[in-house]
Amino acid sequence: MDRGADHREPGGAAERHGAVQLSQAPTIGTLWRGWRDVLSRLGFETAALDAKLLTQHGLGLTALELAVAENQSVTPADAERVAQLLQRRMTGESVARMIGEREFYGLAFALNDATLEPRPDTELLVDLALGVMPAGGTLLDLGAGTGCVAISILANMAGVSGVAVDLDALAIEATAANAARHGVAERLRLHQGSWFTPLPPQRFELIVSNPPYIASAIVETLAGTVRDFDPRLALDGGPDGLVPYRTIAGEAADWLTSRGQVLVEIGYDQGAAVSALFLAAGFVDVSVHRDLAGLDRVVSARHFEDEIKAS
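What comes next concerns the included structure. Keep in mind that this is a model prediction, so the values were computed, not measured.

Another aspect to go through is the packing of aromatic side chains. Counted by the stated rule, this structure contains 4 aromatic pairs. Between F104 and F109, the ring centres sit 6.2 Å apart and the planes meet at 75°, which makes this aromatic pair edge-to-face. When its relative accessible area of 0% is taken as the criterion, F109 is described as buried. Between F278 and F283, the ring centres sit 5.3 Å apart and the planes meet at 85°, which makes this aromatic pair edge-to-face. Across the pair, exposure class does not vary: F278 and F283 are buried alike.

What follows is the structure, given as structure tokens:
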């Protein structure tokens, strides 16, 4: 889902109804189904999935264990623990934030307060990267967050190495933990700092980034599910939402090999503006790629090769 999309605001319904309490459920099955019904009445489109996942998390069960234990009795303490999770959900906090992880590109990524939740739209960035990344090459991920983009690429290309940069130390911790979790830590170097600033001189075959791209004034108008729970540093792209792209387009050529490429995620209405920045910076083969919803999602650009400059 695009960061700037119209997010549902279920929290308001929860507040109007006051604190919702279920009668004590005698079994696990009736517990999660009861909460499913509550969420459904409050307008949650994923009521059944949310109730199942939070019941699993609250009781410390896997999906299979939940199914097998449908008729198992629930203690009052267990029921209360699940109730607290579900009432947090009704304020708009996401299931992934409560559980502490989100799936992306078939892998589970741990979250913390400094990271956005990986979203399915960003998988296009990985798809495109896997299509252009040369064997044995090195990639740079700017604004890594959970590290989901770089780690997914490395996990699917055994000979590739990478570097990940993020301004927030807590985000770097998340990237490190996720890299270790998925067996790519030895191939991913981490740097804390602003964009290219912390990097020693080097060249990359590919630069990828999912930078902040919401205009500052728009951030405050986003649904509470985003505004109140996602880190602002990962949302706010400056007055027009394009500040990170100006930095990347302006400096990327100094860090790319002669045939290197850049792939950046964009907002659905930023294709023309971001493309113009890369064209102005001397990049060629600048293209906008659409996601499965038909929305502009990624801009790709290739470094101006020496032979083209000379022609």
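Hydrogen bonds between backbone groups are what pair the strands of a sheet, and the pairing can be parallel or antiparallel. The 7 strands lie next to each other as β5-β4-β3-β6-β7-β9-β8, forming an open sheet whose pairing is mixed. The open sheet has two free edges, formed respectively by β5 (188-192) and β8 (284-290), since each of these has just one partner strand. With direction set aside, neighbouring strand axes in the sheet form an average angle of 15°. Across 5 bridges, the pairing between strand β7 (residues 256-265) and strand β9 (residues 296-302) is antiparallel. Across the sheet, V262 pairs through a bridge with A301, a residue of β9. Set on the sheet, helix α8 (residues 148-156) makes contact with β3 (138-142), β4 (161-166), β5 and β6 (204-209); between it and β3 the angle comes to about 160°. Against the sheet, helix α12 (residues 243-251) engages β3, β6 and β7, with an angle of about 170° to β7.

Moving on, we get to unusual backbone geometry. With phi around 50°, W195 is a residue other than glycine that occupies positive phi space. By the secondary structure assignment, W195 is in the loop between β5 and β6. One non-glycine residue with positive phi stands out, namely D285, at about 50°. Here D285 is to be found in strand β8.

Bringing the pairing of β3 into the picture now. Among the 5 residues in β3, 5 count as buried, and that is most of the element. Where burial is concerned, the two faces of β3 agree: the one with T138, L140 and L142 and the one with L139 and D141 are both buried. In the sheet, β3 pairs with β4 via 5 bridges, with the strands oriented parallel. Directly across from D141, in β4, lies its bridge partner A164. In the classification by handedness, the crossover that spans β3, the intervening α8 and the parallel β4 is right-handed.

Bringing the layout of surface pockets into the picture now. One way to see where empty space is left: roll a probe the size of a water molecule over the atoms. Empty space within the second largest pocket amounts to approximately 610 Å³. Forming the walls of the second largest pocket are 40 residues, and the residues nearest its centre are G143, D166, N210, P212 and A234. When grouped by side-chain class, the residues that make up the lining of the second largest pocket number 21 nonpolar, 11 polar and 8 charged.

Enumeration over the complete set of coordinates arrives at 17 salt bridges. Across the pair D296 and R290 runs a salt bridge whose closest N-O atoms are separated by 3.4 Å. Classification of R290 by relative accessible area gives exposed; the value is 59%. Each of D121, E265, D291 and R297 takes part in one network of salt bridges that share partners.

Thresholds applied
- Residues numbered from 1 in each chain as written.
- Predicted model: local features only at pLDDT ≥ 70, side-chain atom pairs only at ≥ 80, totals over all residues.
- Heavy atoms only, no water.
- Phe/Tyr/Trp six-rings, centres within 6.5 Å; stacked < 30°, edge-to-face > 60°.
- Buried < 20%, exposed > 50% of the residue type's maximum accessible area, 1.4 Å probe, protein only.
- Pairing = 2+ DSSP bridges.
- Helix = DSSP H or I, 4+ residues; strand = E, 2+ residues; numbered from the N terminus.
- Axes fitted to C-alpha atoms, helices over the stretch in contact; angles between N-to-C directions.
- Contact = heavy atoms within 4.5 Å.
- Right-handed = clockwise from strand over helix to strand, strands pointing away.
- 1 Å grid on protein atoms, 1.4 Å probe; cavity = no way out; pocket = protein on both sides within 12 Å on 5 of 7 lines; lining within 4 Å.
- Points joined across faces, edges and corners; volume = space filled by probe spheres on them.
- Nonpolar A, V, L, I, M, F, W, Y, C, P; charged D, E, K, R; others polar.
- Salt bridge = Lys/Arg side-chain N within 4 Å of Asp/Glu carboxyl O.

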